[in-house]
Amino acid sequence: MVCIAAFIILCLVGIFVAFLSIFRRDIGRKYWAVFKKAWGCVGKKIRLQKCETNFKDDVKNTLLSKIVLKHPKWVKPLGAAIEVGAVLIVVITVWSLVESIKALLAIWVFGTCNVSQPESCALGAEVCGIEAAEPKNPLEWTGRWFSEWGEIFVNIPDRFRSWNAEEYLVEPYSFATTYQDDRPLALDIFDPGCTVCMQSYRNQKDSGFFEQYNTVLMVYPIKLPDGSYKFANSDLIARYIYATDLLKTDYAPKIINRLFTESNSEGINYQSVFLNSDHATAEKLLQTWLAEFGASKKQIDQLSQTATSDEVSDIMTKIQTTVENKIHAKGIPTLIYDGKKHNGLYR
């Protein structure tokens, strides 16, 4: 293990030695001679051959040469410590490589380097993560680590397939703008309380995306592992939107557009208003909007009743199953258009 640990350290040191060699070529030559010895030792380990002991002894003797003269009794315990340190260096390096490969594969497949906690990944797409429960003990942590590998490999084919938005529609649904026969279909999955979803919607609107595609608005309020919702009143807004779809009104896109693009009289955007309101206040605001959109008192009462119905609950359950088990989204917004699945913020 000492020779392998030395090889790893020499690889890292080589970056600085290469720079110093520009000014001191003798340093480069000495380093290269030691590096070749280390590489020869590692090469033999890879071929399952016995490593030369002289290199291992050279390393240990170099590290212990000054100590042996002053404190000869320390040599044996320090030698053992070097062996242990070498094992730790190798283990940490191998673990780091495995984790790096896992993270890169996860980014490629899901758009995030952390499968279970997508928002904790700074390298992936900007998303509101669909998070898994935190493991409670080492056994659960180990099980999740292996299950994440399984998810990655199972979903690798998704990168090569053609995505058809029509296959993932859950009826009833509404479009962001008026349907046009000559436009291709797109599916936009979002959470009303997700700030990334709000910015994504604004970017789509400003760029003319909704004029290029018949965009189906699929509202998916993210659930936490304990069954509650990640964002306050997201489920309430989703229920009202699906109630308007069930009753075949055109209020759903108007609610979403106002939620994501407009502000109240105090200049606070409506998404923030909902995030900081209690259930009763949020529902009253939604009903006020419906009245402004042209809904009668009777129609608003009907929408309110429908929003709490089993029919709407079934729709939301189907959408959760579609997003998590069929589309395999790890974060939203998620868009499907032009035969591809796009993770995170639309730019």
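Structure first, text after, so check above.
### Some details on the overall build of the chain
If you tally the helices and strands in the chain, you get 13 helices and 6 strands. Counting over 347 residues, the chain shows a buried share of 43%. A separation threshold of at least 6 residues defines the contact pool for the chain, and within that pool the share at least 24 residues apart is 70%.

### Looking at the environment of histidine 279
Tracing the backbone shows histidine 279 in helix H11 (residues 279–292). A residue is classified by how much of its surface remains accessible, and histidine 279, at 45% relative accessible area, is partly exposed. In this structure, the C-alpha to C-alpha distance between histidine 279 and leucine 236, residues 43 residues apart in sequence, is 7.8 Å. Among all residues touching histidine 279, those that are not within four sequence positions of it are Asn233 and Leu236.

### Brief notes about the layout of surface pockets
Size it by volume and the largest pocket reaches roughly 310 Å³. Lining of the largest pocket is provided by 19 residues; of these, Ile130, Glu131, Ala132, Glu324 and Lys330 occupy positions nearest its centre. Looking at the lining of the largest pocket, the elements with two or more residues in it are helix H5 (138–155) and helix H13 (310–326). Tallying contributions element by element places H5 first for the lining of the largest pocket, with 4 residues. Of the residues contributing to the lining of the largest pocket, the split by class is 7 nonpolar, 6 polar and 6 charged. There is about 230 Å³ of room inside the second largest pocket. Lining the second largest pocket are Glu99, Lys102, Ala103, Cys113, Asn114, Val115, Gln117, Trp141, Arg144, Trp145 and Glu148. For the lining of the second largest pocket, the secondary structure elements donating two or more residues are helix H4 (75–110) and H5.

### Quick word on the packing of aromatic side chains
Applying the stated criterion across every chain, the model contains 18 aromatic pairs. Residues tryptophan 145 and phenylalanine 146 carry aromatic rings whose centres are separated by 5.0 Å and whose planes lie at 90° to one another, so their mutual orientation is edge-to-face. On the basis of relative accessible area, tryptophan 145 is assigned to the buried category, the value being 14%. By relative accessible area, phenylalanine 146 is classed as exposed at 52%. A ring pair is formed by tyrosine 201 and phenylalanine 260, whose centres lie 5.5 Å apart and whose planes are at 50°; its orientation type is tilted. Linking tyrosine 201 in helix H6 (residues 195–207) with phenylalanine 260 in helix H9 (residues 251–261), this pair joins segments that are 59 residues apart in sequence. In this pair, the class of tyrosine 201 matches that of phenylalanine 260, namely buried. The rings of Phe190, Tyr201, Phe209, Phe210, Tyr213, Phe260, Tyr337 and Tyr346 are connected pair by pair, giving a single aromatic cluster. Between arginine 161 and the ring centre of tryptophan 163, over which it is positioned, the NZ or CZ distance is 4.1 Å.

### What to know about the environment of lysine 205
Mapped onto the elements, lysine 205 comes out in helix H6. With relative accessibility at 38%, the residue lysine 205 sits in the partly exposed group. Taking the C-alpha atoms as reference points, lysine 205 and threonine 261, separated by 56 residues in sequence, lie 9.6 Å from one another. Here lysine 205 is in contact with Phe210, Asn257 and Thr261, once residues within four sequence places are set aside.

### Some thoughts on the pattern of salt bridges
Applying the stated rule across the entire model yields 11 salt bridges. Between arginine 144 and glutamate 148 there is a salt bridge; the shortest N-O distance is 3.8 Å. Here glutamate 148 and arginine 144 lie together in helix H5, a separation of 4 residues that amounts to about one turn. Its salt-bridge partner being arginine 258, residue glutamate 262 comes within 3.3 Å of it at the nearest N-O pair. One network of salt bridges, with partners in common, ties together Lys102, Arg144 and Glu148.

### Considerations on H9
For an α-helix the count is 3.6 residues per turn, leaving residues at separations of three or four pointing the same way. Buried residues dominate H9, accounting for 9 of its 11 residues. Taken together, the buried positions of H9 are Tyr251, Ala252, Pro253, Ile255, Ile256, Asn257, Arg258, Leu259 and Phe260.

Calculation criteria
- Residues numbered from 1 in each chain as written.
- Predicted model: local features only at pLDDT ≥ 70, side-chain atom pairs only at ≥ 80, totals over all residues.
- Heavy atoms only, no water.
- Helix = DSSP H or I, 4+ residues; strand = E, 2+ residues; numbered from the N terminus.
- Buried < 20%, exposed > 50% of the residue type's maximum accessible area, 1.4 Å probe, protein only.
- Contact = heavy atoms within 4.5 Å.
- 1 Å grid on protein atoms, 1.4 Å probe; cavity = no way out; pocket = protein on both sides within 12 Å on 5 of 7 lines; lining within 4 Å.
- Points joined across faces, edges and corners; volume = space filled by probe spheres on them.
- Nonpolar A, V, L, I, M, F, W, Y, C, P; charged D, E, K, R; others polar.
- Phe/Tyr/Trp six-rings, centres within 6.5 Å; stacked < 30°, edge-to-face > 60°.
- Lys NZ or Arg CZ within 6 Å of the ring centre and 35° of its normal.
- Salt bridge = Lys/Arg side-chain N within 4 Å of Asp/Glu carboxyl O.

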